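Here's the letter readout for the chains.
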Amino acid sequence: MPVTAKTPLYETFDRLKSKGLLAYKAGDHAKAKPFLMQAADCLLRIAKTRSDDNVRTEQEDLAQQLIDLAKECAAKKGKSGKKGRVKDHSGDDGSDANDWIVREKPDISFDDIAGLDEVKEEIRLKMIHPLAYPEEAAEYGISAGGGLLVYGPPGTGKTMIAKAVANEIDATFFMVSPAEMLSKWVGEAEQNVSKLFDAAKAEEKAVIFIDEIEALAPRRGSGGSTVMQRVVPQILQELEGFDCGERCLLFIGATNKPWMLDDAMMRPGRFDTMAYLGLPDTAARMRMLEIYLGDRPLDDDVNLNKLCESLDGYSGADIKNLATKSASVPFMDFVKSGGKDDRRPIAMQDILSVLKGIKPSVKPDDLKRYKKFAETGK
């Protein structure tokens, strides 16, 4: 498959594919299947954006290979070990939550995420502080868990925030794509919603994260499918049942298009907390530059303060892409020399030349749309 730009979605695909293939080679087919399925889903979404027919066809073919491999894993279900899997939540249709629910223990903390201080504090109040001070929280009538919607432009750290929450409270992290939830391979969609929440509620502490939540719970009455008309009420029913006693469950939905979500999802008791993840401010951009360039060899002429000012309007994903591409310039110089030249550090000119070819991925009109939603909820 041709090498493509390492967009956040491509990086997600690469990570899921690697985990799936490693599990498959290790003989853990139950663990491999959900990773392979989600990798295929990511790649198909990437393929839809390709203007080159040959590239698109190659990516679609690779996605089909991953799907075929996942089918092979399904046929071998029960022959591999069950270490690290969720408990059996199979339904009457014979499907098993183990086949498609990805669970992990993330290693990302809030310290690894630049900026977003207000969002972090809101999450601490909702999920972390009540667990750290249970008696005091009970006295004030504050309970942990519930529903949280994180929204904003692509590349602003929605997935990282969700993983960091799970890490901060040492919770099991359930990451599910809408495509998996709606897949006919694993039974009726509304049953899959129930299985997901049942699996999470079986844990002492759990975080359910669904990206592109608008694909799973779009506005009703807008000509959507009958499947969606059944799925949305099922999700609402599960969200209403968040009183888990001593157990703690947080449901995090992420979206780039919050205005497409069903209105009922926004009511108290469901997504009763909404957090906007906007573009990084000056301090956050500086921290990102330190994170993404700090471990790489930099020339003395690299001025991070000046560079930070030039990146106003760029997303976190844009800045990470800039750092990666800038590092490739001196690396390729070394490669082209056949390894004869000395390895040189990344120069300011390398970064500025790369920056000329990278435009902000978030348009001003998009920011206006998010501002309007924050003010009106529509």
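Quick notes on the rules
- Residues numbered from 1 in each chain as written.
- Predicted model: local features only at pLDDT ≥ 70, side-chain atom pairs only at ≥ 80, totals over all residues.
- Heavy atoms only, no water.
- Helix = DSSP H or I, 4+ residues; strand = E, 2+ residues; numbered from the N terminus.
- Buried < 20%, exposed > 50% of the residue type's maximum accessible area, 1.4 Å probe, protein only.
- Contact = heavy atoms within 4.5 Å.
- Areas by Shrake-Rupley, 256 points an atom, 1.4 Å probe, with all protein chains shown as cover.
- Axes fitted to C-alpha atoms, helices over the stretch in contact; angles between N-to-C directions.
- Parallel < 35°, antiparallel > 145°, perpendicular 65-115°, else oblique.
- Left-handed = near helix turned anticlockwise from the far one by under 90°.
- Nonpolar A, V, L, I, M, F, W, Y, C, P; charged D, E, K, R; others polar.
- Expected span 1.5 Å × (residues − 1).
- Pairing = 2+ DSSP bridges.
- Core = buried A, V, L, I, M, F, W, Y, C linked by side-chain atoms within 4.5 Å.
- Salt bridge = Lys/Arg side-chain N within 4 Å of Asp/Glu carboxyl O.

1. Structural notes on the overall build of the protein
- Looking only at helices and strands, the protein has 14 helices and 6 strands in total.
- Burial analysis of the protein (378 residues in total) assigns 46% to the buried set.
- Across the protein, the fraction of contacts at a sequence separation of at least 24, relative to all contacts at a separation of at least 6, is 76%.
- Looking at the protein as shown, the accessible area adds up to about 19100 Å², and 49% of this sits on carbon and sulfur atoms.

2. Here's the deal with the packing of helix α2 (residues 29–48) against helix α3 (residues 53–75)
- Where α2 meets α3, the closest approach of the two axes is 8 Å, and the angle between their N-to-C directions is 160 degrees. Classified by the angle between their axes, α2 and α3 sit roughly antiparallel to one another. Between α2 and α3 lies a crossing whose hand is left-handed. On α3, the residues touching His29, Ala32, Lys33, Leu36, Met37, Ala39, Ala40, Leu43, Leu44, Ile46 and Ala47 of α2 are Arg56, Gln59, Glu60, Leu62, Ala63, Leu66, Ile67, Leu69, Ala70, Cys73 and Ala74.
- Taken together, the residues that form the contact of α2 with α3 break down as 17 nonpolar, 2 polar and 3 charged.

3. Considering helix α8 (residues 189–201)
- The first and last C-alpha atoms of α8 sit 19 Å apart over 13 residues, in line with the 18 Å expected at 1.5 Å per residue.
- Within α8 the residues assigned to the buried category are Ala189, Glu190, Asn192, Val193, Lys195, Leu196, Phe197, Ala199 and Ala200.

4. Observations concerning the pairing of strand β6 (residues 273–276)
- The two faces of β6 differ: Thr273 and Ala275 on one face are buried, but Met274 and Tyr276 on the other face are not.
- Taken together, the 4 bridges between strand β2 (residues 146–151) and β6 define a ladder with parallel strand orientation. The partner of tyrosine 151 across the bridge, within β6, is tyrosine 276.

5. Focus on the packing of helix α4 (residues 117–132) against helix α6 (residues 158–168)
- Contact geometry of α4 with α6 gives a least axis separation of 11 Å together with a crossing angle of 40 degrees. With respect to α6, the axis of α4 lies oblique. Helix-helix and strand crossings are classified by hand; for α4 and α6 the assignment is right-handed. Contact residues: α4 offers Val119, Lys120, Ile123, Met127 and Ile128, while α6 offers Ile161, Val165 and Glu168.
- By residue class, the composition of the contact of α4 with α6 is 6 nonpolar, no polar and 2 charged.

6. Quick notes on the nonpolar core
- By size, the foremost hydrophobic cluster in this structure holds 47 residues, and its most contacted members are Phe13, Phe110, Met127, Ile161, Val165, Val207 and Ile252.
- Ranked by residue count, the leading element in this core is α2, at 9 residues.
- Counting 24 residues, the second largest nonpolar core, distinct from the first, contains Phe197, Ala199, Ile208 and Phe271.

7. A closer look at the pattern of salt bridges
- Applying the stated criterion to the full structure yields 6 salt bridges.
- In this structure, arginine 344 and aspartate 333 form a salt bridge, with 2.9 Å as the shortest nitrogen-oxygen distance. Residue arginine 344 is located in the loop between α12 (316–336) and α13 (348–355), and its partner aspartate 333 is located in helix α12; the two are separated by 11 residues in the primary sequence.
- The shortest N-O distance in the salt bridge between arginine 344 and aspartate 350 comes to 2.7 Å.

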